[in-house]
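Chain by chain, the residues run as shown.
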Number of protein chains: 2
Amino acid sequence: MTVAEDLIRTLGPDRVLTSDEARAARRHDYWMVSNLRDRQGRGAPMPACVVRPASVADVQATVRACVATGTPLIPFGQGSGVVGGVIAGSEAVLLDLGALNRVRSIDPVNLTASFDAGLNGLAAEEAVAAQGLTTGHWPQSIALSTVGGWIATRASGQFSTAYGNIEDIVYSVEAVLPSGELVVLGRGPRAAAGPDLRHIMLGSEGTLGVITGVTLSLRRKAEAQAVTAFAAQTMQQGFDFQREIVQTGWRPPVMRQYDVRESGRLHADAKDCTVIMVHEGPASLVAAETAAVTALAARMGLEPLPGTIVQHWLGHRNHVPGWDQILERGIVADTVEVSAPWDRIGAVYDAATASVAEIPGCLAASAHSSHVYRSGLNLYFTFAIRPDAEGDMEGAYFESWQRIMAATAAAGGSLSHHHGIGRVRRGWMETELGATGVTLLQTLKSALDPAGVMNPGVLVPDRAEGGAR
Amino acid sequence: MTVAEDLIRTLGPDRVLTSDEARAARRHDYWMVSNLRDRQGRGAPMPACVVRPASVADVQATVRACVATGTPLIPFGQGSGVVGGVIAGSEAVLLDLGALNRVRSIDPVNLTASFDAGLNGLAAEEAVAAQGLTTGHWPQSIALSTVGGWIATRASGQFSTAYGNIEDIVYSVEAVLPSGELVVLGRGPRAAAGPDLRHIMLGSEGTLGVITGVTLSLRRKAEAQAVTAFAAQTMQQGFDFQREIVQTGWRPPVMRQYDVRESGRLHADAKDCTVIMVHEGPASLVAAETAAVTALAARMGLEPLPGTIVQHWLGHRNHVPGWDQILERGIVADTVEVSAPWDRIGAVYDAATASVAEIPGCLAASAHSSHVYRSGLNLYFTFAIRPDAEGDMEGAYFESWQRIMAATAAAGGSLSHHHGIGRVRRGWMETELGATGVTLLQTLKSALDPAGVMNPGVLVPDRAEGGAR
């Protein structure tokens, strides 16, 4: 009996999809390379079957069946990941959590809301918005991703500088472990009760269990919102400005800085770098913050720009071109996000953009920053390369990645800010964690998933690849 | 050859203390029960020896020697823990990190500072204060604890409501794993590179490795500070006031609410509950926040109190009576900190104080709150019992704990806000984490420390005690 037949018997035929259409639609996530390979006729195979659990018990049964048979199990939200975290194998069971999509509860007193993990992110936001609340978590993929996926990938939202990344917003996580047991991690507003086990699931990318439910800590919608925008003559001037803002104790939810190449996306006549901010909170706080950053900009020599630039960004911020539009023009492109301390971020920017620009056929190598911390910030690179021959496309793609990773590593930054590891960064995990850090991650993986069935090939380097004791 | 002899040969005689004086001084931490047992002539035994490593390599050698011989290894900072996280066994090696006490570096651009784990907390703060910076972390024990201890126990500081708990302040953690390998966890201002492995050490209480170095993310000293104080007629009125403050988007670093019994500590003529706050940040933010909370207090019916109350607290906040002063009067006493959601915190307060008050000989059962979150807050209970007979002292002590834990558990709160688990709370770990959560913690422990030598008896329930598969 195949695993699919076994699962049909256990879960019923409605929950197990075996049609070519259902399996073909879920072969991979939104990693550019998977789309490129599809176009080149060497795409990922279809999974053995697609399971659409209707309950947590269905998830448990699926996990147990896969462990018992040594079958790879690949959790799947809405497939908006961009680092190859989902690529089906022909033996694999693909676990599509899309039918686990209820809003479980919304608590306006404690500002918490509980969701099934498979719920669409925008649907979750709209449910709490109806009560005057917000999750405060606005990834660009909000309409294309799930709340469980936010946990699995350690997502960041566009308002993170004040509202935090997903690890700062999550209250508790419900997950099915590879043992088949259900666990709820996180109790109370804060605990000192051993290691915070929520962090085993945060960033686990399907390799350590299946997230089935999420409770987030919400916010009331802010009383006031204001926007500011400024032109900086150099990236370094903009970085210095942003550093001064957060290190003096202001925390605009949105702080973004575009290099001169990307500033054109915001306003057609951009001749400089552009810094934009969204300020939110009580009206008097927003007034004080807006006045303070405006005064600081004047003191530091940045020019004010019209707020319409920021309003334009707010209105269009989640629009991105599809890979097919790019690939059909013979171009490979991607975004790569890293983080680094303040005194090294300029070097990362300069080295990475200059290095990618040297790749033959390079059409674009640019960056903006979008998440700010007391100790540094992120950079979000965009590259586009049109190689001479179609056969060189994948090589040009990985060469671009290699150069951005190398420039970041040389400056001591983190190689992944918020897209995760998946397959595209797995080879750099030893650079990121060190050999002992990789061993520690492998130890965690082996202890929780001794059968090695949970999303194999993703995140955790194989022992033979390095980091072994 | 004994372990002590082995370690003397490896590390040299200067690093291994075998005198009765050295061993007796480090038999336990500041758990009241250990002090009580000392007075009753049934105190903890001396460890086999005390190792005072002068380098990370010394720590690695000690860990390896203990693992090789199956010898219990007990990391020790300055012994200010209050939950029994350190109790020596006569076979054990006590690893006193006090000689690893350098300030490694201070970086005023990136606002980071690196310390040896054994450095005293106040010394660390003073080192960064000399450059106009602060860690923002002010546990009551700051002068009695180490920066490594802050990580090991998941500590909270008095300014946590704006500045976060230690997990929000830590940038990276250096630790020796039970394998003897050195690892540095945390790279860059933020990463999405798998589970955040810093959290394996945060709260590990010596059971998963030895923390040897810590890098914290600092703050500049605030431009302005202001204080406010208000009288609330009931605890619930105060909770509602605090909730409104943080849920409307204000974040005073210090927010504390004392019940009427504890208000007398702050001002002699207290007839009501007292809420005190410290506001810090840019001057215009502090002005806006102070005005907002004052207006809110008036609207919600709280009476303003003089700021001198808060200044008195600031000046005396770390003064606590010693256990001996209490025990010699035949009294057992302790503080117990928990957290709960807003809508249940009043029930926790009422149930726990009422239940403890019923214990024969109860002299005091009171509480204040001191750490506030969007979704709830903590309570910090104080109890004092004078049983009829000395032989009943330990029983009265554990009965008080039992009642506070039960009241918190019934309300769905977390049983430990920031003191940790140690021995006193270990029996409640299944209530806190659930059976599967305990299994997960045991799995982590077994995977990292298969020899079981790292601080046995602390934090992690034995498999036989529950949570076993």
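Computed from a predicted model, the values in this text were never measured in an experiment.

1. Describing the relation of the copies chain A and chain B
Then step 1. Rotating chain A by 180° and moving it 0.0 Å along the rotation axis overlays it on chain B with an RMSD of 0.0 Å. Between the two chains, the operation in question is that of a two-fold axis.
Then step 2. A shared binding surface is used by both copies, with 100% of the interface residues of chain A retained as interface residues in chain B.

2. Considerations on the interface of chain A and chain B
Then step 1. With 90 residues of chain A at the contact, the number on the chain B side is 90 residues.
Then step 2. In this assembly, chain A packs against chain B so that about 7000 Å² is buried in total across both faces, 54% of it on carbon and sulfur atoms.
Then step 3. Taken as a group, R187, R190 and R374 of chain A account for 13% of the area that chain A buries against chain B, more than any other trio of residues on that side.
Then step 4. Applying the counting criterion to the chain A and chain B interface returns 4 salt bridges.
Then step 5. Summed over the shared surface of chain A and chain B, the result is 43 residue pairs in polar contact (both at pLDDT 80 or more).
Then step 6. By residue number, the principal contributor to the side of chain A that touches chain B is helix α17 (residues 429-448) of chain A, which donates 13 residues.

3. Thoughts on the domain arrangement of chain A
Residue and element names in this part refer to chain A.
Then step 1. Each domain of chain A was delimited in the assignment, giving domain 1 (3-98), domain 2 (101-220), domain 3 (224-316), domain 4 (323-410) and domain 5 (426-465).
Then step 2. For domain 2 versus domain 4, the separation of C-alpha centres amounts to 30 Å.
Then step 3. Taken together, the contact pairs 6 residues of domain 2 with 5 residues of domain 4.
Then step 4. Surface buried jointly by domain 2 and domain 4 totals about 360 Å² across both partners, of which 34% is contributed by carbon and sulfur atoms.
Then step 5. When residues of domain 2 are sorted by the area they lose upon contact with domain 4, S160, T161 and N165 head the list and together hold 67% of the total.
Then step 6. Between domain 2 and domain 4 we count 0 salt bridges in total.
Then step 7. Taken together, the connections running from domain 2 to domain 4 amount to 4 residue pairs in polar contact (both at pLDDT 80 or more).
Then step 8. A breakdown of the residues in the side of domain 2 that touches domain 4 according to their chemical character gives no nonpolar, 6 polar and no charged.

4. A few points about the environment of I309 of chain A
Residues and elements named next belong to chain A.
Then step 1. Note that I309 resides in helix α13 (residues 308-316).
Then step 2. Residue I309 is classed as buried on the basis of its relative accessible area, which comes to 6%.
Then step 3. Put simply, I309 and H267 are 42 residues apart on the chain and 6.3 Å apart in space, counted from C-alpha to C-alpha.
Then step 4. In this structure, I309 is in contact with L266, H267 and I276, ignoring residues within four places of it in sequence.

5. Let's talk about the nonpolar core
Proteins that are soluble and globular tend to have nonpolar side chains buried together.
Then step 1. Core analysis: the biggest nonpolar cluster contains 90 residues, and I151, M201 and L216 of chain A together with I151, M201 and L216 of chain B have the highest contact counts within it.
Then step 2. Residues in contact with I151 of chain B, not counting those within four places in the same chain, are I166, V170, V173, M201, L202, G203, I211 and V214 of chain B.

6. A closer look at the sheet that holds strand β4 (residues 93-96) of chain A
Residue and element names in this part refer to chain A.
Then step 1. Here we have 4 strands laid out as an open sheet, ordered β1-β2-β4-β3, and mixed in their pairing. Sheet topology places β1 (16-17) and β3 (73-76) at the edges, where each strand pairs with a single neighbour.
Then step 2. Sheet topology places β1 next to strand β2 (residues 49-51); 2 bridges connect them, and they run antiparallel. When the bridges of β2 are listed, V16 appears paired with V51.
Then step 3. Helix-sheet contacts for helix α4 (residues 56-69) involve β2, β3 and β4, and the interaxial angle to β4 is about 165°.

About the criteria used
Per chain, residue numbering runs from 1 following the sequence as it is written. By the order in which they are written, chains take letters starting at A while ligands take numbers starting at 1. Only residues with pLDDT of 70 or above have their local features reported here, since the model is predicted, and side-chain atom pairs are shown and tallied only from 80 upward, although totals for entire chains, interfaces and linings are computed over all residues. Side-chain measures here rest on the full set of heavy atoms in the structure, leaving out hydrogens and waters. Residues below a pLDDT of 70 in either copy are left out; the C-alpha atoms of the rest, at least 70 in both, set the least-squares superposition of the copies. Residues count as neighbours in contact if any of their non-hydrogen atoms are within 4.5 Å of one another. Note on terms: buried area is the combined drop in 1.4 Å-probe accessible area of two parts once they are placed together, counting the loss on both. One speaks of a salt bridge when a side-chain nitrogen belonging to Lys or Arg is within 4 Å of a carboxyl oxygen belonging to Asp or Glu. Definition of a polar contact: a pair of N or O atoms within 3.5 Å, with one able to donate and the other able to accept a hydrogen when the atoms are protein atoms, and with sequence-neighbouring residues admitted only if both atoms are side-chain atoms. Segments assigned H or I by DSSP are reported as helices when at least four residues long, segments assigned E as strands when at least two residues long, and all are numbered from the N terminus. Here the limits of each domain have been adopted from an automatic or database domain assignment. Under the scheme applied, nonpolar residues are Ala, Val, Leu, Ile, Met, Phe, Trp, Tyr, Cys and Pro; charged residues are Asp, Glu, Lys and Arg; polar residues are all the others, including Gly. Buried means the residue's accessible area, taken with a 1.4 Å probe over protein chains only, is under 20% of the maximum for its type, while exposed means over 50%, and partly exposed covers the values in between. For the purposes of this section, nonpolar cores are sets of buried Ala, Val, Leu, Ile, Met, Phe, Trp, Tyr and Cys residues that join through side-chain atoms within 4.5 Å. Two strands are said to pair when DSSP picks up at least two bridges between them. Only the stretch in contact is used when a helix axis is fitted, and all axes are lines through C-alpha atoms; the angle between N-to-C directions ranges over 0 to 180 degrees.

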